[in-house]
Amino acid sequence: MRILAHVLTLFLISLPAFAQDTNPVASPEASKSPIEIPYEKFVLDNGLTVIVHQDAKAPIVAVNLWYHVGSKNENKGKTGFAHLFEHLMFNGSENFNDDYFQVLEKVGATDLNGTTNKDRTNYFQNVPVNALDLALWMESDRMGHLLGAIDQGKLDEQRGVVQNEKRQGENQPYGKVWTTIAENTYPEGHPYSWSVIGSMEDLNAASLEDVQEWFKTYYGPNNATLVIAGDIDPQAAREKVEKYFGDIEPGPPIAKKEAWIARRTGETRMTMEDRVPQARIYKVWNVPERGHIDLDHLNLVSDVLGSGKTSRLYERLVYNDQIATAAAAYISTGEIGSQFQIQVTAKPGVDLATVEATVEEELQRLLEDGIEATELRRVKTQYVASFIRGAERIGGFGGKSDILAQNEVYASTPDFYQVGLERVQRATEDDLLQAAREWLSDGVFSLEVHPYPELAATGEGVDRSVMPEVENPPNAVFPTMQKTTLKNGLNVVLVERDAVPVVNFRLVFDAGYAADQFAKPGTAGLALSMLDEGTKDKTALEISEELALLGASIGAFSGLDASSVTLSSLKSELGASLDLYADVVLNPSFPEADFNRLKQQRLVGIQREKVTPVQMALRVFPGLLYGSDHAYGLPLTGSGTTESVTSIERDDLMKFHDTWFKPNNATMIVVGDVSMNELKPMLEGAFSKWKKGKVPQKNINEVAHRPGSSVYIMDRPGSQQSIIFAGHIAPPKGNPNEIAIETMNTILGGAFISRINMNLREDKGWSYGAQSLIWDAKGQRPFLVYAPVQTDKTKESMQEVVMELKGILDNNPVTPEEVDRAKRNQTLTLAGRWETNGAVMSSVAEMVQYDLPDDYNDTYTSQVRSLSIDKIASAAETVLKPDNLVWVIVGDRAKIEAGIRDLDLGDIYLLDENGEVMD
């Protein structure tokens, strides 16, 4: 739903099965649960199920409301209703007839969103403890008091937003695959035979009466589960829920759809074409629903086949044979049926038939020979470790409130996750082989009618004419940082947190893409991606296997100014995990064969970027702002160019490592369940042989604004949307007015309810989401306005962007209300933003990378609250230069060029995929 969440996370791990378990009883050791989520559960007289979990580690509360309705409850010809209604629920209720985000963002809500899938619709937010009444009032108001606020205007507006979301998704490479799979793997009329977002025709045909009837049927309290998790006493939570939800009338009884796996026989093939740089094969089997023990076993089978470097498909196709650049296997779970999917992307120049034949060979090898004990141990450890890490958070996807809600909705008991963990821990090689042979070797609808329980509303209800006051916000306190320096000069920052038995490390080097000024563009990114491809004593597969058995993960990446190597370790395996981490950091061997493989993957990735709309713009934009000779003038994707990556040799990566990987050029950030007394000796031992050395000084020169504005068009024939980028340079992150600049941008385009998004999305309905952002950097930063818009509104959207930029400077200055809302957004969200170890680590890394003072987070709130309107207006004048904009428009030139020329915004140029001006 929300525009700032650009990456859609797909939860492909199946939930525990809910059918009767036929396995023998496990031993006490095998069934011991790695984690417990205590809860209290009660049901209101109107049928609302409520679950409360108390977690006082931060002064925040997660409110997670699940409605047991998704796209499977729709009918053919009226698809997309569940998702459309999810949008409508954010647009005001009878007692607050305005955008939902308006209220929640200004009181500090985080993880605020709503999503729809085949089986359920959920709405969730984390709020400071003092705002819980407000969140419950808002959720209960749209549950019990919504219909009077939905009119034709809102329906038309959100219909347009959803259609733009559909265009945006289908405009991406492989964007039409999932609709094609749904339509061709399920029979006509099956509830999963259409996409969640629906068809354009059905969305256009949706009437106000249709939408109202949908709400009356499915959005009653008796079809909902509310989870409250966080710093709240269960009894207090119960009283609040009774107060706000108790008087809401229940909805009608709802027919429950039973399992319909739609098992298939034989082979059906289909070929489609799309604007993609590589051929790709998808293989899909219809397999059991949530509620079948085979699904748990198939989930582990999918991990054996396609999760991680040591999985069979990746190792064979990508690592050894090198005929593919990506290979994965996973389960897409559903309440009445699921799908086992294999997805492999062919290496350019390799016949897709060859790739498919190899996939078939590996699958048959598994079906004939079974699973190895080491493989099973690895995927079990990965499963449990992933669950533990997710359970650190109270809200959002995969957090504790999400876990409890899922298990209640699909299994009628919040703690059914324990059964899933137990099944995983005791699964045998034979269990996996039996499930694989049953469902991957080569098809009923029943309706049960049960007495409907007598449900009734109780209580007098709550006064809906006045919202609850939100007073006394909690004081978000950044956790204490401890600092030390190792004998070799490595700076160490530790934040102790014991919410989960995990310790996270992030080694930050002053390098990044900017260091490519001393090398070939793309070197920093490629060097970091190769760190775990082998050390002097271990191969990449040995490293991957050891990590899996430890339940640990190592990552490495470069940003614009810094390169980082990360480790996440279970507390119980900290010593061994840290030793492996140090080996990867200090002794990478950059094996020639792996270098050639990853280099080819990087080249393929660049080709993919050149046909993906947003990446097309990000590749060329920096060069237009900074010039080709500037350290920041390279593609913001960090991948380099085809020419530069082609010329990179293995020695270039070794030189990069030798040059920048020095202890005196790095800071080790550690967040988690470890003390300094435990940590320092371990670090001294692991990194004792690492020596100081000289490091080059990166030269980040200042550049001037472009004289006047210029427009660059990148032609992408057939595009359903135009991608608008407009921007210029802005002051560095470490400037003395940064907080005022950040606040100004929050008002302009940095939040859902900012001016740009409310204009192009909520008012006009031309975009699924638009925003402005300032890309953090040590030197002058890119300021960007980003707006994907429907093609026929490209010209008009560009006009609106100019109007917003000039308006905030001149005839439409910031208002006291906007300033107050932005201040609240930036300060009251801190409690939620600092909930997890990863979030704290990111904040510390920001301080390290941009030389922010140690008390930056401690004084942040007071600095924001002290800002005046004049200070924010001054920040706008400092940053915004609407007469010096560089525009990059990616779209169908034949449809947009004439309108753009009519705007007379400046000289217009045509760019090729490499950013070169075309004649």
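Residues numbered from 1 in each chain as written. Predicted model: local features only at pLDDT ≥ 70, side-chain atom pairs only at ≥ 80, totals over all residues. Heavy atoms only, no water.

Counting its secondary structure elements, the protein contains 33 helices and 22 strands. Over its C-alpha trace the protein gives a radius of gyration of 27 Å, about what one expects of a compact globule, namely 29 Å for 919 residues. Considering only C-alpha atoms, the protein reaches an extent of 75 × 70 × 60 Å along its principal axes. Accessible area for the protein stands at about 35,200 Å²; split by element, carbon and sulfur atoms hold 48% of it. Looking at the protein, you have 88 positive and 130 negative side-chain charges, and the mean spots of the two groups are 4 Å apart. (Helix = DSSP H or I, 4+ residues; strand = E, 2+ residues; numbered from the N terminus. Rg over C-alpha atoms; globule rule 2.2 N^0.38 Å. Areas by Shrake-Rupley, 256 points an atom, 1.4 Å probe, with all protein chains shown as cover. Lys, Arg positive; Asp, Glu negative; His and termini not counted. Charge placed at Lys NZ, Arg CZ, Asp CG, Glu CD.)

So, about the pairing of strand β1 (residues 40-43). Across four bridges, β1 lies against strand β2 (residues 49-54) in antiparallel orientation. Directly across from Lys41, in β2, lies its bridge partner Ile51. Linking β1 back to β2 in an antiparallel pair, the connection comprises five residues, with Gly47 at a positive phi of about 100°. (Pairing = 2+ DSSP bridges.)

For the pair helix α4 (residues 132-144) and helix α9 (residues 234-245), the least separation of the axes is 9 Å and the interaxial angle reads 35°. Considering the relative orientation of α4 and α9, their crossing is right-handed. Contacts between α4 and α9 involve Leu132, Asp133, Leu136, Trp137, Glu139, Ser140 and Met143 from the first element and Lys240, Lys243, Tyr244 and Phe245 from the second. Split by residue class, the contact of α4 with α9 holds six nonpolar, one polar and four charged. (Axes fitted to C-alpha atoms, helices over the stretch in contact; angles between N-to-C directions. Left-handed = near helix turned anticlockwise from the far one by under 90°. Contact = heavy atoms within 4.5 Å. Nonpolar A, V, L, I, M, F, W, Y, C, P; charged D, E, K, R; others polar.)

The residue Thr110 is located in strand β4 (residues 110-116) in this model. On the basis of relative accessible area, Thr110 is assigned to the buried category, the value being 12%. (Buried < 20%, exposed > 50% of the residue type's maximum accessible area, 1.4 Å probe, protein only.)

Here the protein shows a mean pLDDT of 88. Residues at 70 or above account for 95%. Low pLDDT (under 50) marks residues 1-31, which in the prediction has 89 contacts with non-local residues, meaning those over four places away or in another chain. A low-confidence stretch, residues 443-451 (pLDDT under 50), is modelled with six contacts involving residues beyond four sequence positions or located in other chains. (pLDDT = per-residue confidence, 0-100.)

A separate point is the sheet that holds β2. Taken in spatial order, the six strands line up as β1-β2-β6-β3-β5-β4 in an open sheet, and their pairing is mixed. Edge strands, defined here as strands with exactly one partner in the open sheet, are β1 and β4. In this sheet, adjacent strand axes meet at a mean angle of 10° when their direction is disregarded. Judged from the six bridges that link them, β2 and strand β6 (residues 224-230) form a sheet pairing that is parallel. Among the inter-strand pairings, Val52 is bridged to a residue of β6, identified as Ile228. Where α4 meets the sheet, it contacts β3 (60-67), β5 (121-128) and β6, and its direction lies at approximately 10° from that of β3.

This part takes up the nonpolar core. Phe783, Leu880 and Trp887 are the most contacted members of the largest nonpolar core, which has 68 residues in total. Broken down by element, the residue count for this core peaks at six residues, all from helix α25 (residues 738-750). Core analysis: the second largest hydrophobic core is formed by 62 residues, Leu44, Phe81, Met89 and Leu155 among them. (Core = buried A, V, L, I, M, F, W, Y, C linked by side-chain atoms within 4.5 Å.)

Relative to the helices and strands, Phe101 is located in helix α3 (residues 100-106). For Phe101, a relative accessible area of 0% translates into the label buried. Measuring from C-alpha to C-alpha, the distance between Phe101 and Phe90 comes to 7.4 Å, with eleven residues separating the pair along the chain.

Spatially, six strands are ordered β10-β11-β15-β12-β14-β13 in an open sheet, and the strand pairing comes out mixed. The sheet is open, and its two edges are formed by β10 (482-485) and β13 (553-558), each paired on a single side. Adjacent strand axes in the sheet meet at a mean angle of 15°, parallel and antiparallel pairs treated alike. Contacts from helix α19 (residues 574-586) reach β12 (502-509), β13, β14 (563-570) and β15 (666-672) within the one sheet, and its direction differs from that of β14 by about 160°.

So, about the packing of aromatic side chains. Under the definition given, this model contains 23 aromatic pairs. A ring pair is formed by Trp285 and Phe340, whose centres lie 5.9 Å apart and whose planes are at 80°; its orientation type is edge-to-face. Here the residue Trp285 occupies a position in strand β7 (residues 280-287), and Phe340 occupies one in strand β9 (residues 338-346), the gap between them amounting to 55 residues. Look at Trp285 and you get buried, because its relative accessible area is 15%. (Phe/Tyr/Trp six-rings, centres within 6.5 Å; stacked < 30°, edge-to-face > 60°.)

A separate point is the environment of Ala515. Looking at where Ala515 falls in the secondary structure, it is placed in the loop between β12 and α17 (523-529). Of the residues examined, Ala515 reaches a relative accessible area of 1% and is grouped as buried. For Ala515 and Ala631, which are 116 residues apart along the polypeptide, the C-alpha to C-alpha distance reads 7.5 Å.

The subject of this paragraph is helix α16 (residues 429-440). Taking 1.5 Å per residue, twelve residues should reach 16 Å; α16 reaches 16 Å between its end C-alpha atoms and fits that length. Those residues of α16 that fall on the buried side of the exposure criterion are Asp431, Leu432, Leu433, Ala435, Ala436, Trp439 and Leu440. (Expected span 1.5 Å × (residues − 1).)

This part takes up the pattern of salt bridges. Counting across every chain of the model gives 48 salt bridges. Across the pair Lys57 and Glu835 runs a salt bridge whose closest N-O atoms are separated by 3.5 Å. Residue Lys57 is classed as partly exposed on the basis of its relative accessible area of 30%. Glu897 is the salt-bridge partner of Arg901, the closest N and O atoms lying 2.8 Å from each other. (Salt bridge = Lys/Arg side-chain N within 4 Å of Asp/Glu carboxyl O.)

When glycine is set aside, most residues are seen to have a negative phi, and most peptide bonds are trans. In this structure, Ser412 is a non-glycine residue whose phi angle is positive, near 65°. Considering the arrangement of structural elements, one finds Ser412 in the loop between α14 (400-411) and α15 (417-426). The exposure class assigned to Ser412 is exposed, which follows from its relative accessible area of 53%.

Look at helix α13 (residues 373-390) against helix α18 (residues 540-550): their axes get within 7 Å of each other, and the N-to-C directions meet at 60°. Taken together, the axes of α13 and α18 are oblique relative to one another. In the packing of α13 onto α18, the handedness of the crossing is left-handed. Each of Thr374, Arg377, Arg378, Thr381 and Gln382 in α13 lies in contact with α18, whose residues at this interface are Glu545, Ala548, Leu549 and Leu550. Looking at the contact of α13 with α18 residue by residue, the class counts come to three nonpolar, three polar and three charged. (Parallel < 35°, antiparallel > 145°, perpendicular 65-115°, else oblique.)

Following the sequence through the fold, Ala514 ends up in the loop between β12 and α17. For the pair formed by Ala514 and Asn699, sequence separation is 185 residues and the distance between their alpha carbons is 8.6 Å. With residues near it in sequence (within four places) discarded, Ala514 still touches Leu560, Asp561, Ala631, Tyr632 and Lys698.

For the rest of this paragraph, the subject is the pairing of strand β19 (residues 781-790). Counting buried positions along β19 gives ten out of ten residues, so the element sits mostly inside the fold. Here strand β17 (residues 721-730) runs beside β19; their pairing, made up of ten bridges, is antiparallel. Considered in β19, the bridge of Ile729 is made with Pro782. In sequence, strand β18 (residues 771-774) turns back onto β19 through a hairpin of six residues.

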